[in-house]
Amino acid sequence: GGHCIAVDPWFIVHSLPETTPLIRTAREVNLEKSKYLARKIIESAKKLKDPTIVCLGLAYKANVDDFRESPSVEIVHELAKNFMNVIVVDPYVEEKLPRELRETGSITVGTLDDALLGADVVVLLTDHDEFLSISPSKLENKIVFDTRGIWNHKF
């Protein structure tokens, strides 16, 4: 994610397409990862009746407020197309989501404690410091997707 890593390789690919197949393939694989994760979350959540999905973090990396080219935004957008109750928690979102997420109508911004309390599915997308100390007890009986590997050692 981020505006440089996601965009700059395409400039190289477009200027030298015959000599950059590896760069093209790497970018295509990275783009597919977000779609793959969204499909996995959707498959799991569809087993539940009217699930509440909590997505932790929108920024492309920890402890920043930059959502440009963030895979998290794409993942949350895909979830909102399939579910009516998607809650985003991000300490760097000040109650206003990026435009493409606001337009879905099914995404709200929540506080960490309230969101976790009502969550059926918890998706860690960005490893902001605020999320590092979430107690394993707050994740019990929930479907958890830890894309950063910060909670794996706690279970």
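Residues numbered from 1 in each chain as written. Predicted model: local features only at pLDDT ≥ 70, side-chain atom pairs only at ≥ 80, totals over all residues. Heavy atoms only, no water.

**Student:** Could you give me a rundown of the pairing of strand β1 (residues 53–56), with the residues and numbers involved?
**Tutor:** Covered by surrounding structure in β1 are Ile53 and Cys55 together with Val54 and Leu56, the residues of both alternating faces. Where β1 lies against strand β2 (residues 86–89), 4 bridges are found, and the strand directions are parallel. Directly across from cysteine 55, in β2, lies its bridge partner valine 88. The pairing of β1 with strand β4 (residues 121–124) spans 4 bridges and is parallel. (Buried < 20%, exposed > 50% of the residue type's maximum accessible area, 1.4 Å probe, protein only. Helix = DSSP H or I, 4+ residues; strand = E, 2+ residues; numbered from the N terminus. Pairing = 2+ DSSP bridges.)

**Student:** Which residues make up the sheet that holds strand β3 (residues 107–109), and what values do they have?
**Tutor:** The strands that make up a sheet pair up through hydrogen bonds in the backbone, lying either parallel or antiparallel. As summarised here, the arrangement of the 5 strands in space is β3-β2-β1-β4-β5, forming an open sheet in which the pairing is parallel. The open sheet has two free edges, formed respectively by β3 and β5 (143–146), since each of these has just one partner strand. Ignoring strand direction, the axes of neighbouring strands in this sheet form an average angle of 20°. Each of β1, β4 and β5 is contacted by helix α2 (residues 21–45), which is oriented at about 170° to β5, the strand it contacts most. Running over the sheet, helix α3 (residues 71–82) touches β1, β2 and β3 and is turned about 155° from β2. (Axes fitted to C-alpha atoms, helices over the stretch in contact; angles between N-to-C directions. Contact = heavy atoms within 4.5 Å.)

**Student:** Requested: an account of α3, with residues and values cited.
**Tutor:** Compared with an ideal rise of 1.5 Å per residue, which puts 12 residues at 16 Å, α3 spans 17 Å between its outermost C-alpha atoms and is within 8% of the ideal. Buried within α3 are the following residues: Ser72, Val73, Ile75, Val76, Leu79 and Ala80. Down the axis of α3, the smallest arc covering the buried residues is 165°, so these residues share one side. For α3, the secondary structure elements touched by its buried residues are α2, β1, β2, α4 (99–102) and β3. (Expected span 1.5 Å × (residues − 1). Arc of directions from axis to C-beta.)

**Student:** An account of the nonpolar core is needed here, citing residue identities and associated values.
**Tutor:** Counting 25 residues, the largest nonpolar core has Leu58 and Val76 as its most contacted members. With 5 residues, the single largest contributor to this core is α3. If we ignore the near neighbours within four places in the chain, the residues touching leucine 58 are Phe67, Ser70, Ser72, Val73, Val76, Val88, Asp90, Val93, Leu97, Pro98, Leu101 and Thr126. The next biggest cluster of nonpolar side chains, apart from the first, holds 15 residues, and it includes Val89, Ala119, Val122 and Phe131. (Core = buried A, V, L, I, M, F, W, Y, C linked by side-chain atoms within 4.5 Å.)

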